[in-house]
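# Topology and contacts: notes
If you want the building blocks of each chain, they are given just below.
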Amino acid sequence: MKKIIAKIVSAALIASMALAFAACGSSKKEEESKKLVMATNAYFPPYEYYDGETIVGIDAEIAQAIADKLGMELEIVDVEFDSIIAGVQAGKYDFGMAGMTVTEDRLKSVNFSTTYATGIQSVIVKEGSPITSVDDLIDGDYIVGVQQGTTGDIYMTDEVGEDRMDRYSKGNDAVLALMQGKVDAVVIDNQPALSYVAANEGLTILETPYAIEDYAICISKDNEDLLKDINAALDELQKDGTIDAIIAKYIPAEA
Ligand code: ARG
């Protein structure tokens, strides 16, 4: 577990180095496109989720504030989480914003903006479950549900191995599987975990958080201008309190 946290922290360091680099890059402006296309996976409250037909949440609102600052229109597309990075690399989407954790591995494929939020990997179990710690989960014979391609998936693949895992395309499908007794636990980020536990009776979150992570926006390595623009916008939104206000709106405890 310590190793994982160290890995994540160094990923954050590398991200800020990438940033310092980008700041020295060229400043060619892309006038042609007035629209920013954001890829997300909208089953991840309170960062992104559907309110009727509309995708709302912390990421949606911060992205809108960034687009406003840049004088651009925002379009949000809902895709599989594990297709976001490839789509951003291919230029299909301008950026990915999905409560996405900065990791060393992902940094090989895309650039990340400055961090705008912190995530903690948590373990959801049924109330009264014999699993009371991460060690129970790892050492026991239990089946773990995760969302495909997430850091929860990556850690569990390492720690418990494929044979004791079920991967789902959406976080809420993993939670449904837990409710139905198909898996014994779900490893997922803490805020979605809290939302799922609040929405479904009989679930609980283990006290011991699993790993602490930084969330950031991913952008193609071929688009350093956009990285700079997004970071400049994030910086202003950070300083004028907009980001804190958006987060506080969705996570009142952090107000
Ligand atoms: N923070 C985790 C990761 O980056 C999970 C993110 C899942 N996000 C989503 N919108 N479904 O791997």
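Residues numbered from 1 in each chain as written. Predicted model: local features only at pLDDT ≥ 70, side-chain atom pairs only at ≥ 80, totals over all residues. Heavy atoms only, no water.

It is worth spelling out the packing of helix α2 (residues 58-70) against helix α9 (residues 224-239) at this point. It is the contact of α2 with α9, at a shortest axis distance of 9 Å, that shows an interaxial angle of 110 degrees. When the axis of α2 is compared with that of α9, the two are roughly perpendicular. Note on element contacts: α9 touches α2 through Asp-229, Ile-230, Ala-233, Leu-234, Glu-236 and Leu-237, opposite Ile-62, Ala-65, Ile-66, Lys-69 and Leu-70. Classifying every residue of the contact of α2 with α9 by side-chain character gives eight nonpolar, no polar and three charged. (Axes fitted to C-alpha atoms, helices over the stretch in contact; angles between N-to-C directions. Helix = DSSP H or I, 4+ residues; strand = E, 2+ residues; numbered from the N terminus. Parallel < 35°, antiparallel > 145°, perpendicular 65-115°, else oblique. Contact = heavy atoms within 4.5 Å. Nonpolar A, V, L, I, M, F, W, Y, C, P; charged D, E, K, R; others polar.)

Our focus in this paragraph is the sheet that holds strand β3 (residues 48-51). Here we have three strands laid out as an open sheet, ordered β2-β3-β4, and antiparallel in their pairing. Since the sheet does not close on itself, it has two edges, and those belong to β2 (43-44) and β4 (54-56), each with one partner. Direction of pairing for β3 relative to β4: antiparallel, over a ladder of three bridges. Residue pairing in the sheet places Asp-51 in a bridge with Thr-54 of β4. (Pairing = 2+ DSSP bridges.)

Glancing now at the environment of Gly-145. Of note, Gly-145 is situated in strand β9 (residues 144-147). For Gly-145, a relative accessible area of 0% puts it in the buried group. (Buried < 20%, exposed > 50% of the residue type's maximum accessible area, 1.4 Å probe, protein only.)

When you line up the elements, Arg-164 lands in the loop between α6 (151-159) and β10 (165-168). An unpaired buried charge is present at Arg-164: no salt bridge exists, and Asp-141, the closest side chain of opposite charge, is 4.6 Å distant. A polar contact is formed between the side chain of Arg-164 and the backbone oxygen of Tyr-142, at a distance of 2.7 Å. Apart from the residues lying within four places of it in its own chain, the contact partners of Arg-164 are Leu-137, Ile-138, Gly-140, Asp-141, Tyr-142, Ile-143 and Val-144. (Lys, Arg positive; Asp, Glu negative; His and termini not counted. Salt bridge = Lys/Arg side-chain N within 4 Å of Asp/Glu carboxyl O. Polar contact = N/O pair within 3.5 Å; in protein donor to acceptor, adjacent residues only side chain to side chain.)

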